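# Structural overview for review
Next come the chains, spelled out residue by residue.
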Amino acid sequence: MQATPLAIPDVLLIEPKVFGDARGFFYESFNQRVFNEATGTEWQFVQDNHSRSARGVLRGLHYQVPPRAQGKLVRVVRGAVFDVAVDIRQGSPTFGRWAGIELTEDNHRQLWVPPGLAHGFLVLSESADFLYKTTDYYSPEHERCIAWDDSQLAIDWPDLGKAPLLSAKDLAGQSLAHVQAAAE
């Protein structure tokens, strides 16, 4: 497994060793010891989640506030998404910055999004199955959402030729400025 820092150094692109031939492929999608060694962390995962979404669905930018902040290890097992992490940690040198990468069933890449960052993705394929491990349990009372199109973030989402499909919760996402003011 190789871990490569992105535009936000704590956000890591995880590339497992994939063994393939004419019959197909095999890779170890998760190994706690190997993950800890590659990332230099000691996070433990407590929950696995699976979502399926249609083309053009945008989920996010979600996060949980302390004491239930979640780190996420995300991957795609069917289809393709543009995956984004946003640093919303007060005092961080990369506060307000985003990092994005395409995750697909063929590239087998994963993204480590540590606690304190918001996360979202846009489905690029006809549909996508998205899997993620979390470092804390889902807690609705601690969940928050930042607007996917916040001008302060200026995320360069891929253009699919139509507006993204959003849930009511995601349509009500707050601005980064509002999140920052609430934390002060």
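Here, every reference points to the structure presented above.
Okay, so let's go over this structure.

About the criteria used
- Residues numbered from 1 in each chain as written.
- Predicted model: local features only at pLDDT ≥ 70, side-chain atom pairs only at ≥ 80, totals over all residues.
- Heavy atoms only, no water.
- Helix = DSSP H or I, 4+ residues; strand = E, 2+ residues; numbered from the N terminus.
- Contact = heavy atoms within 4.5 Å.
- Lys, Arg positive; Asp, Glu negative; His and termini not counted.
- Charge placed at Lys NZ, Arg CZ, Asp CG, Glu CD.
- Pairing = 2+ DSSP bridges.
- Axes fitted to C-alpha atoms, helices over the stretch in contact; angles between N-to-C directions.
- Core = buried A, V, L, I, M, F, W, Y, C linked by side-chain atoms within 4.5 Å.
- Buried < 20%, exposed > 50% of the residue type's maximum accessible area, 1.4 Å probe, protein only.

### Here's the deal with the overall build of the protein
In terms of regular secondary structure, the protein is built from 3 helices and 13 strands. Along the first, second and third principal axes, the C-alpha atoms of the protein reach 55 × 40 × 30 Å. Within the protein, counting contacts between residues at least 6 apart in sequence, those at least 24 apart form 79% of the total. Put simply, the protein has 17 plus and 23 minus side-chain charges, and the middle of one group is 4 Å from the middle of the other.

### Re the sheet that holds strand S13 (residues 143-145)
On the basis of which strands lie adjacent, the open sheet formed by 5 strands has the order S9-S8-S11-S6-S13 and antiparallel pairing. Each of the sheet's edge strands pairs with one partner strand only, and the pair in question is strand S9 (98-104) and S13. With strand direction ignored, the average angle separating the axes of adjacent strands in the sheet is 25 degrees. Here strand S8 (residues 80-87) pairs with S9 via 7 bridges, running antiparallel. Looking at the pairing, Ala80 lines up with Thr104 of S9.

### Observations regarding the sheet that holds strand S2 (residues 12-15)
Sheet strands pair via backbone hydrogen bonds, and the direction of the pair is either parallel or antiparallel. Ordered by their spatial adjacency, 6 strands build an open sheet running S1-S2-S10-S7-S12-S5, and the pairing between neighbours is antiparallel. Pairing within the sheet leaves two strands with one partner each, and these edge strands are strand S1 (2-5) and strand S5 (47-54). Within the sheet, the average angular offset between the axes of one strand and its neighbour, ignoring direction, is 25 degrees. In this sheet, strand S10 (residues 110-113) lies alongside strand S7 (residues 72-78) in antiparallel orientation, the contact comprising 4 bridges. Following the sheet pairing, Val74 is matched in S10 by Leu111.

### Remarks on the environment of Phe19
Mapped onto the secondary structure, Phe19 falls in strand S3 (residues 18-21). In this view, Phe19 contacts Gly24, Phe25 and Phe26; residues no more than four positions away in its chain are not counted.

### Looking at the nonpolar core
Ranked by internal contacts, the top residues of the largest apolar core, which has 19 residues, are Leu61, Val86, Ile146 and Trp157. If you list the elements that add at least two residues to this core, you get strand S6 (58-64), S8, strand S11 (117-123) and helix H3 (176-183). Sort the elements by how many residues they give to this core and S8 lands first, with 4 residues. Not counting chain neighbours up to four residues away, the residues in contact with Val86 comprise Ile8, Leu61, Arg97, Trp98, Leu117, Ala118, Leu153 and Ile155. In terms of nonpolar packing, the next biggest core, distinct from the first, is built from 18 residues, Leu13, Ala85, Leu103 and Val113 among them.

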